[in-house]
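Architecture and fold: a report
Residue-level listing of the chains:
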Amino acid sequence: MLALHFLRALVRINQTSDPSRCIVAQRSRRIKLAAYASIALAAGRRRAWSRAVLCSLHGRRACRVRALSRRRVSSGKKAKGVHPTEQREGGGQVGELRRLVPGGRSMELCTLLEEAGSYIQCLTAQVQLMNMIADSMSK
């Protein structure tokens, strides 16, 4: 699915822009956006990071990423705010991970780790696809 979305996006880029007039930076930005959109579309809307990528690409500020997480419940009431262990983890490695995963700032720790794993898998597949395309074009 990833290859299909990405190749379609590359075809659209080539059809809509005149290579002689197109600035290299502008073309590379379009390819980068196409790559982000293709991995988000391939992952589907079941992942919070893919919804965050799609919302940011569409420029919707009102589009909020809802973390698919379970809240702790005590005495029949929903927990409010962030769990105390997550408050301490705001900086450092967890904070860096929140910054790297799209939509990660609003996720609980367990959900963040699951989404990070999924995001890494999709990025790995994207790199492999781009390497295959580059190899086939260099022959």
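Residues numbered from 1 in each chain as written. Predicted model: local features only at pLDDT ≥ 70, side-chain atom pairs only at ≥ 80, totals over all residues. Heavy atoms only, no water.

**A short note on the overall build of the chain**
Heads up, the condition is: In this text, helices come from DSSP runs of H or I with a minimum length of four residues, and strands from runs of E with a minimum of two, each type numbered from the N-terminal end. Remark: exposure states derive from per-residue accessible area (1.4 Å probe, protein chains only) relative to the maximum for the residue type, with buried under 20%, exposed over 50%, and partly exposed in between. By the convention used here, residues are in contact when the closest approach between their heavy atoms is within 4.5 Å.
Assigned secondary structure in the chain consists of six helices and two strands. Starting at the N terminus, the α and β elements of the chain follow one another as α-α-α-β-β-α-α-α. By residue count, 32% of the 139 residues in the chain fall in the buried class. Considering only intrachain contacts with a sequence separation of at least 6, the fraction spanning at least 24 residues in the chain is 47%.

**What to know about helix α5 (residues 92–100)**
Put simply, the test is: This arc is taken over the directions from the axis of the helix to the C-beta atoms.
Those residues of α5 that fall on the buried side of the exposure criterion are V94, G95 and R98. Seen end-on, α5 carries its buried residues on one side only, within an arc spanning 100°. Facing away from the buried side of α5 by more than 90 degrees, the exposed set consists of G92 and Q93.

**Points about a nonpolar patch on the surface**
Convention followed: Here a patch means residues that are over 30% exposed by relative accessible area and free of salt bridges, tied together within 9 Å if like-charged and within 5 Å if nonpolar (Val, Leu, Ile, Met, Phe, Trp, Tyr). Residue burial considers only the protein chains on display, and all accessible areas are found by Shrake-Rupley using a 1.4 Å probe. A pairing counts as a salt bridge when a side-chain nitrogen of Lys or Arg comes within 4 Å of a carboxyl oxygen of Asp or Glu.
A contiguous nonpolar patch, built from L33, Y36 and L57 and spanning about 210 Å² of accessible area, is present on the exposed surface. With respect to the secondary-structure elements, Y36 resides in helix α2 (residues 24–43). According to the relative accessible area criterion, Y36 is partly exposed, its value standing at 31%.

**Thoughts on α2**
A turn of α-helix holds 3.6 residues, and therefore any two residues three or four places apart point the same way. As a reminder of what qualifies: Each helix should span, by expectation, one fewer than its residue count multiplied by 1.5 Å.
Compared with an ideal rise of 1.5 Å per residue, which puts 20 residues at 28 Å, α2 spans 29 Å between its outermost C-alpha atoms and is within 8% of the ideal. In this fold, the buried residues of α2 make contact with α1 (2–16), α3 (48–58) and α6 (109–138). Of the residues trailing α2, G44 is marked for its positive phi of about 85°.

**Considerations on the pattern of salt bridges**
Scanning the model with the defined rule gives two salt bridges in all. For E115, the salt bridge identified is with R47, shortest N-O distance 3.4 Å. Of this pair, E115 sits in helix α6 while R47 sits in the loop between α2 and α3; the two residues are 68 residues apart in sequence, bridging distant segments of the chain. Under the relative-accessibility criterion, R47 is labelled partly exposed at 26%. Note that E96 and R99 form a salt bridge whose closest N and O atoms lie 2.6 Å from each other.

**Structural notes on the nonpolar core**
Which entries qualify depends on this criterion: Among buried residues, those of type Ala, Val, Leu, Ile, Met, Phe, Trp, Tyr and Cys that are joined through side-chain atoms within 4.5 Å constitute a nonpolar core.
The biggest cluster of nonpolar side chains holds 23 residues, and the ones touching the most others in it are F6, I39, W49 and V101. Breaking this core down by element, the ones donating at least two residues are α1, α2, α3 and α6. Among the elements that line this core, the one with the most residues is α6, at six residues.

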